[in-house]
Amino acid sequence: MKNFVVKTIANAAALAVAIWLLKDITLTGENTGRKALTLVLVALIFGVVNFVVKPVVKLLSFPLFILTLGLITLVINALMLLLTSWLADKFHLAFHVEGFWTAVLGGVIISIVSWALHVVLPDDQD
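Residues numbered from 1 in each chain as written. Predicted model: local features only at pLDDT ≥ 70, side-chain atom pairs only at ≥ 80, totals over all residues. Heavy atoms only, no water.

Asker: What am I meant to see in the overall build of the protein here?
Answerer: A count of helices and strands for the protein gives five helices and two strands. Starting at the N terminus, the α and β elements of the protein follow one another as α-β-α-α-α-β-α. For the protein, whose C-alpha radius of gyration is 14 Å, the value lies close to the compact-globule estimate of 14 Å for 126 residues. Expressed as lengths along the three principal axes of its C-alpha atoms, the size of the protein is roughly 45 × 40 × 25 Å. Counting over 126 residues, the protein shows a buried share of 34%. Residue pairs at least 24 apart in sequence account for 73% of intrachain contacts in the protein once pairs closer than 6 positions are excluded. (Helix = DSSP H or I, 4+ residues; strand = E, 2+ residues; numbered from the N terminus. Rg over C-alpha atoms; globule rule 2.2 N^0.38 Å. Buried < 20%, exposed > 50% of the residue type's maximum accessible area, 1.4 Å probe, protein only. Contact = heavy atoms within 4.5 Å.)

Asker: Would you mind going over unusual backbone geometry with me for this structure?
Answerer: Peptide bonds are trans in most cases, and residues, glycine excluded, mostly fall at negative phi. If you check the backbone angles, Leu 69 has positive phi at about 55° while not being a glycine. Mapped onto the fold, Leu 69 is located in the loop between helix 3 (62-67) and helix 4 (72-90). Not every positive phi belongs to a glycine, and His 92 is a case in point at roughly 60°. Along the chain, the position of His 92 falls in the loop between helix 4 and strand 2 (95-97).

Asker: Teacher, can you tell me more about helix 4 here?
Answerer: Given 3.6 residues per turn, any residue in an α-helix points the same way as the ones three and four places further on. Its 19 residues give helix 4 an end-to-end C-alpha distance of 27 Å, which sits within 8% of 27 Å, the value for a rise of 1.5 Å per residue. Along helix 4, the positions that sit buried rather than exposed are Ile 72, Ile 76, Asn 77, Ala 78, Met 80, Leu 81, Thr 84, Ser 85 and Ala 88. The positive-phi residue at the C-terminal boundary of helix 4 is His 92, with phi of around 60°. (Expected span 1.5 Å × (residues − 1).)

Asker: How should the pattern of salt bridges be read in this particular structure?
Answerer: Close approach of charged atoms lets side chains of opposite charge pair. In this structure the tally under the stated criterion is two salt bridges. Its salt-bridge partner being Asp 24, residue Lys 23 comes within 3.6 Å of it at the nearest N-O pair. Owing to a relative accessible area of 72%, Lys 23 belongs among the exposed residues under this scheme. Put simply, Glu 30 and Arg 34 hold a salt bridge, and the shortest N to O gap is 3.8 Å. The exposure class of Glu 30 is exposed, given its relative accessible area of 68%. Judged by relative accessible area, which is 40%, Arg 34 ranks as partly exposed. (Salt bridge = Lys/Arg side-chain N within 4 Å of Asp/Glu carboxyl O.)

Asker: Can you walk me through the nonpolar core in this structure?
Answerer: Soluble globular proteins tend to bury their nonpolar side chains together. Of all hydrophobic cores here, the largest spans 29 residues; its most connected members are Leu 15, Ile 25, Leu 81, Phe 95 and Ile 110. Mapped onto this core, the elements with two or more residues apiece are helix 1 (2-21), strand 1 (25-27), helix 2 (32-60), helix 4, strand 2 and helix 5 (100-120). Each residue touching Phe 95, except ones within four places of it in the same chain, is listed here: Leu 15, Ile 19, Ile 25, Thr 26, Leu 27, Val 42, Leu 81, Thr 84, Ser 85 and Ala 88. (Core = buried A, V, L, I, M, F, W, Y, C linked by side-chain atoms within 4.5 Å.)

Asker: Please clarify how the UniProt feature "transmembrane region" (unreviewed entry) in the protein should be interpreted in this entry.
Answerer: In this structure's numbering, the residues bearing the UniProt feature "transmembrane region" (unreviewed entry) are residues 6-23, 35-53, 65-88 and 100-121. Spanning residues 6-23, this segment combines 89% helix with 0% strand, and its end C-alpha atoms are found 27 Å apart. Across residues 65-88, helical content stands at 83% and strand content at 0%; the span's end C-alpha atoms are separated by 28 Å. (UniProt positions renumbered as here; feature names shortened; annotations may be inferred.)

Here is the structure:
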(Lines give C-alpha, C1' and ligand atoms only; values in the text may rest on other atoms or scores of the structure.)
Protein backbone atom coordinates (compact mmCIF):
# COMPACT_ATOMS: atom_id res chain seq x y z
CA MET A 1 0.00 0.00 0.00
CA LYS A 2 2.84 2.36 0.86
CA ASN A 3 4.43 1.68 -2.54
CA PHE A 4 1.13 2.56 -4.29
CA VAL A 5 0.89 5.87 -2.42
CA VAL A 6 4.52 6.73 -3.17
CA LYS A 7 4.07 5.98 -6.87
CA THR A 8 0.88 8.08 -7.00
CA ILE A 9 2.62 11.01 -5.30
CA ALA A 10 5.56 10.70 -7.71
CA ASN A 11 3.21 10.58 -10.71
CA ALA A 12 1.27 13.61 -9.46
CA ALA A 13 4.48 15.59 -8.92
CA ALA A 14 5.85 14.59 -12.33
CA LEU A 15 2.59 15.57 -14.02
CA ALA A 16 2.62 18.89 -12.14
CA VAL A 17 6.13 19.65 -13.40
CA ALA A 18 5.10 18.83 -16.98
CA ILE A 19 2.01 21.05 -16.64
CA TRP A 20 4.17 23.84 -15.24
CA LEU A 21 6.82 23.59 -18.00
CA LEU A 22 4.64 23.01 -21.07
CA LYS A 23 1.87 25.39 -22.05
CA ASP A 24 0.07 22.74 -24.13
CA ILE A 25 -0.45 20.42 -21.16
CA THR A 26 -3.22 22.02 -19.15
CA LEU A 27 -4.95 21.42 -15.85
CA THR A 28 -7.81 23.74 -15.03
CA GLY A 29 -10.11 24.14 -12.08
CA GLU A 30 -12.09 26.67 -10.09
CA ASN A 31 -9.61 26.78 -7.19
CA THR A 32 -6.37 25.27 -5.94
CA GLY A 33 -8.10 22.46 -4.03
CA ARG A 34 -10.02 21.39 -7.12
CA LYS A 35 -6.82 21.46 -9.21
CA ALA A 36 -4.99 19.36 -6.60
CA LEU A 37 -7.80 16.79 -6.53
CA THR A 38 -7.87 16.67 -10.33
CA LEU A 39 -4.09 16.23 -10.39
CA VAL A 40 -4.25 13.29 -7.97
CA LEU A 41 -7.07 11.67 -9.97
CA VAL A 42 -5.14 12.12 -13.22
CA ALA A 43 -2.06 10.64 -11.51
CA LEU A 44 -4.16 7.60 -10.55
CA ILE A 45 -5.38 7.23 -14.13
CA PHE A 46 -1.80 7.63 -15.38
CA GLY A 47 -0.66 4.94 -12.94
CA VAL A 48 -3.36 2.51 -14.07
CA VAL A 49 -2.54 3.17 -17.74
CA ASN A 50 1.15 2.54 -17.07
CA PHE A 51 0.38 -0.60 -15.06
CA VAL A 52 -2.17 -2.18 -17.42
CA VAL A 53 -1.69 -0.86 -20.95
CA LYS A 54 2.01 -0.04 -21.17
CA PRO A 55 3.34 -3.61 -20.61
CA VAL A 56 1.06 -4.93 -23.35
CA VAL A 57 2.18 -2.23 -25.77
CA LYS A 58 5.83 -2.87 -24.89
CA LEU A 59 5.42 -6.58 -25.47
CA LEU A 60 3.72 -6.08 -28.83
CA SER A 61 6.32 -3.55 -29.95
CA PHE A 62 9.36 -5.56 -28.83
CA PRO A 63 10.78 -5.84 -32.38
CA LEU A 64 10.67 -2.04 -32.60
CA PHE A 65 12.58 -1.81 -29.31
CA ILE A 66 15.37 -3.84 -30.88
CA LEU A 67 15.24 -1.98 -34.20
CA THR A 68 15.29 1.51 -32.63
CA LEU A 69 17.60 0.61 -29.73
CA GLY A 70 14.88 1.54 -27.26
CA LEU A 71 13.95 4.94 -28.69
CA ILE A 72 10.41 3.68 -29.32
CA THR A 73 9.99 4.13 -25.56
CA LEU A 74 9.61 7.88 -26.18
CA VAL A 75 6.69 7.21 -28.50
CA ILE A 76 5.10 4.71 -26.10
CA ASN A 77 5.39 7.18 -23.20
CA ALA A 78 3.78 9.87 -25.38
CA LEU A 79 0.94 7.52 -26.30
CA MET A 80 0.36 6.65 -22.63
CA LEU A 81 0.17 10.38 -21.81
CA LEU A 82 -2.29 10.96 -24.67
CA LEU A 83 -4.37 7.99 -23.48
CA THR A 84 -4.38 9.47 -19.98
CA SER A 85 -5.58 12.78 -21.42
CA TRP A 86 -8.35 11.01 -23.34
CA LEU A 87 -9.45 9.02 -20.28
CA ALA A 88 -9.38 12.15 -18.11
CA ASP A 89 -11.73 13.77 -20.61
CA LYS A 90 -14.05 10.76 -20.39
CA PHE A 91 -14.09 11.13 -16.59
CA HIS A 92 -14.75 14.88 -16.97
CA LEU A 93 -11.41 15.84 -15.45
CA ALA A 94 -9.89 19.13 -16.60
CA PHE A 95 -6.58 17.72 -17.89
CA HIS A 96 -5.58 17.96 -21.53
CA VAL A 97 -2.49 17.26 -23.64
CA GLU A 98 -2.49 19.11 -26.96
CA GLY A 99 -0.70 17.20 -29.70
CA PHE A 100 1.72 14.34 -30.15
CA TRP A 101 4.98 16.32 -29.88
CA THR A 102 3.82 17.96 -26.68
CA ALA A 103 3.09 14.45 -25.37
CA VAL A 104 6.60 13.30 -26.37
CA LEU A 105 8.22 16.19 -24.51
CA GLY A 106 5.81 15.74 -21.59
CA GLY A 107 6.64 12.03 -21.46
CA VAL A 108 10.35 12.81 -21.26
CA ILE A 109 9.78 15.34 -18.46
CA ILE A 110 7.51 12.96 -16.54
CA SER A 111 9.99 10.10 -16.90
CA ILE A 112 12.90 12.17 -15.59
CA VAL A 113 10.95 13.65 -12.67
CA SER A 114 9.39 10.28 -11.76
CA TRP A 115 12.78 8.60 -11.80
CA ALA A 116 14.28 11.31 -9.56
CA LEU A 117 11.38 11.11 -7.11
CA HIS A 118 11.51 7.30 -6.95
CA VAL A 119 15.18 7.62 -6.00
CA VAL A 120 14.39 10.13 -3.24
CA LEU A 121 11.07 8.84 -1.88
CA PRO A 122 10.93 5.75 0.38
CA ASP A 123 9.91 2.39 -1.02
CA ASP A 124 8.57 -0.85 0.55
CA GLN A 125 11.35 -2.89 -1.04
CA ASP A 126 14.15 -1.37 1.08
